[in-house]
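Residues per chain, in single letters:
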Amino acid sequence: MIMNDLKPIFADVDSSRPLLIAGPCSAETEEQVMTTAHALAREGVQIFRAGVWKPRTKPGGFEGVGEPGLAWLRRVKAETGMYTATEVATRAHVEAALRYEVDLLWIGARTAANPFAMQEIADALQGVDVPVLVKNPVSPDLELWIGALERIYNAGIRRLGAVHRGFTWVDRSIYRNHPFWTIPIELRRRIPGLPLFCDPSHIGGKRELIAPLAQQAMDLGFEGLLVEAHCSPDEAWSDKAQQVEPQLLAFILRNLIIRDMNTTTDNLNELRRQIDKLDDELIDLLARRMKVSGEIGRYKKEHNLSVLQSQRYEEILARRARQAVELGMDREFMRSVMQAIHEESIRQQMKVIE
Ligand code: PEP
Ligand code: MN
């Protein structure tokens, strides 16, 4: 689905800078919400977030203050002029948030993973004009994310955006949720007009990672950021390690380098031509390599040898990874390239043998 009739999230918010949504993970008390909101407004933030219903992995944690929090958001809007945003996960949440005139709704990662919940929310949004952001589902599954976005789009929502907040992954890493940047990049290719937001707080899971992740998102041309900020982060009732004080957030944002994604100079065009030419050569080389694999397949068939010869494969991987490091490339990168090439070679050989 192309979605080529999307509208700006907020037409009156300057779009030459990344659209920034900031505020605490959770609305905890009226005082915490108001103090954080005033501090953010002083720093020039125009859209304020706070979760009033919190999806928790296990029962018994702080599950949000519920409807009273919506009244605090209304007060934030009245006193600071900021737009407000909250997470919705059910029809009742949508209806309550709209009753309190929350300006933007987002759908959390756990909800986005559930088509029943997504459809219920979409049905509740039918005929309503409110901006909606859909976070990526917890699993690295682009189709599930696109499906969730399509349900909201099909309900008639045209102020729509996607939030990249990282994915649950089995490998330990420095991130709380692994970014897998290729997934949002592929989403951009599939739905080019859809604004992309990055949530560096939930990807990183710690304060120190907000700046580098936000910068990466800017370098990739994301349109906005969703960041957690709290008046006293160390006392936050949820996600304390990843929240920052409003002033620190403002400092981080002032230091972001915003690159111009649209103007391409002649120089850049020339470099891109070089890349295209090298890619042509790469593909041609790969095709030639596959032909040789086919020959090997035929030889193995004639001599009744097995297709997979793991010792030889291990040697290739190790040798090429070493060579790559000598040439300034990453070892793991080269191992995955060689693995992908090997997989295709095996497929070519199997074709010959069948
Ligand atoms: C949040 O934004 O506080 C939140 C719960 O995020 P996610 O759905 O990305 O886990
Ligand atoms: Mn949070």
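From a predicted model like this one, the values you see are computed outputs, not experimental measurements.

A. Focus on the layout of surface pockets. Taken as a whole, the largest pocket holds about 640 Å³ of empty space. Lining the largest pocket are 28 residues, with Ser-15, Arg-17, Gly-221, Phe-222 and Glu-223 positioned closest to its centre.

B. Inspection of the domain arrangement of the chain at higher detail. The domains assigned to the chain are domain 1 (19-254) and domain 2 (266-353). Between the C-alpha centres of domain 1 and domain 2 the distance comes to 41 Å.

C. Spotlight on the nonpolar core. Residues Val-134, Ile-152, Leu-160, Leu-187 and Leu-225 are the most contacted members of the largest nonpolar core, which totals 71 residues. Here this core gets seven residues from one element, more than from any other, and that element is helix α6 (residues 142-154). In this structure, Ile-9, Leu-19, Ala-85 and Leu-104 belong to the second largest nonpolar core, which totals 13 residues.

D. Structural detail: the coordination of the manganese ion (ligand 2). Taken together, Cys-25 (SG), His-202 (NE2), Glu-228 (OE) and Asp-239 (OD) make up the protein donors of the manganese ion (ligand 2), found 2.1 to 2.4 Å from the metal. Donor residues binding the manganese ion (ligand 2) come from one chain and are separated in sequence as C-x176-H-x25-E-x10-D. Of this pair, His-202 sits in helix α8 (residues 200-204) while Asp-239 sits in the loop between β8 (224-228) and α10 (246-254), and the two are 37 residues apart along the sequence. With respect to burial, His-202 and Asp-239 carry one shared label: buried.

E. Broad picture of the site of ligand 1. Near ligand 1, the surroundings consist of Cys-25, Arg-49, Lys-54, Glu-87, Trp-106, Gly-108, Ala-109, Arg-110, Lys-135, Arg-165, His-202 and Glu-228. At 2.9 Å from an oxygen atom of ligand 1 is found a side-chain nitrogen or oxygen belonging to Arg-110. Arg-165 places a side-chain nitrogen or oxygen 2.6 Å from an oxygen atom of ligand 1. Contact with the protein chains removes 97% of the 300 Å² of surface that ligand 1 exposes when unbound. Here the residues of the shell around ligand 1 sort into three nonpolar, two polar and seven charged.

F. Structural context of the state of the cysteines. Here the structure, examined in full by the defined rule, presents zero disulfides. Not engaged in a disulfide, the cysteine Cys-198 finds its nearest cysteine sulfur in Cys-25; these two sulfurs lie 16 Å apart. The exposure class assigned to Cys-198 is buried, which follows from its relative accessible area of 0%. Looking at the unpaired Cys-231, the closest cysteine sulfur is the one in Cys-25, lying at 13 Å. Judged by its relative accessible area of 24%, Cys-231 falls in the partly exposed class.

G. Expanded view of the pairing of β8. Along β8, five of the five residues are buried, which leaves the element largely enclosed by surrounding structure. Going residue by residue along β8, you find Gly-224, Leu-226 and Glu-228 tucked away on one face and Leu-225 and Val-227 tucked away on the opposite face as well. Here strand β1 (residues 19-23) pairs with β8 via five bridges, running parallel. Paired with Gly-23 across the two strands is Glu-228, which belongs to β8.

H. Up close: the pairing of strand β3 (residues 83-87). With four of its five residues buried, β3 lies for the most part within the structure. When strand β2 (residues 47-49) meets β3, the two strands line up parallel, connected through three bridges. The residue bridging Phe-48 from the neighbouring strand is Thr-84, located in β3. As for the winding sense of the linkage, the β-α-β connection from β2 through helix α2 (residues 67-80) to β3 is right-handed. A crossover links β3 with its parallel partner strand β4 (residues 104-107), the connecting element being helix α3 (residues 91-99), and its sense is right-handed.

Thresholds applied
Residues numbered from 1 in each chain as written. Chains lettered and ligands numbered in written order. Predicted model: local features only at pLDDT ≥ 70, side-chain atom pairs only at ≥ 80, totals over all residues. Heavy atoms only, no water. 1 Å grid on protein atoms, 1.4 Å probe; cavity = no way out; pocket = protein on both sides within 12 Å on 5 of 7 lines; lining within 4 Å. Points joined across faces, edges and corners; volume = space filled by probe spheres on them. Domains from an automatic or database assignment. Core = buried A, V, L, I, M, F, W, Y, C linked by side-chain atoms within 4.5 Å. Buried < 20%, exposed > 50% of the residue type's maximum accessible area, 1.4 Å probe, protein only. Helix = DSSP H or I, 4+ residues; strand = E, 2+ residues; numbered from the N terminus. Donors = N, O, S within 2.8 Å, 3.2 Å for Na, K, Ca; no water. Near = heavy atom within 4 Å. Polar contact = N/O pair within 3.5 Å; in protein donor to acceptor, adjacent residues only side chain to side chain. Areas by Shrake-Rupley, 256 points an atom, 1.4 Å probe, with all protein chains shown as cover. Nonpolar A, V, L, I, M, F, W, Y, C, P; charged D, E, K, R; others polar. Disulfide = S-S within 2.5 Å. Pairing = 2+ DSSP bridges. Right-handed = clockwise from strand over helix to strand, strands pointing away.

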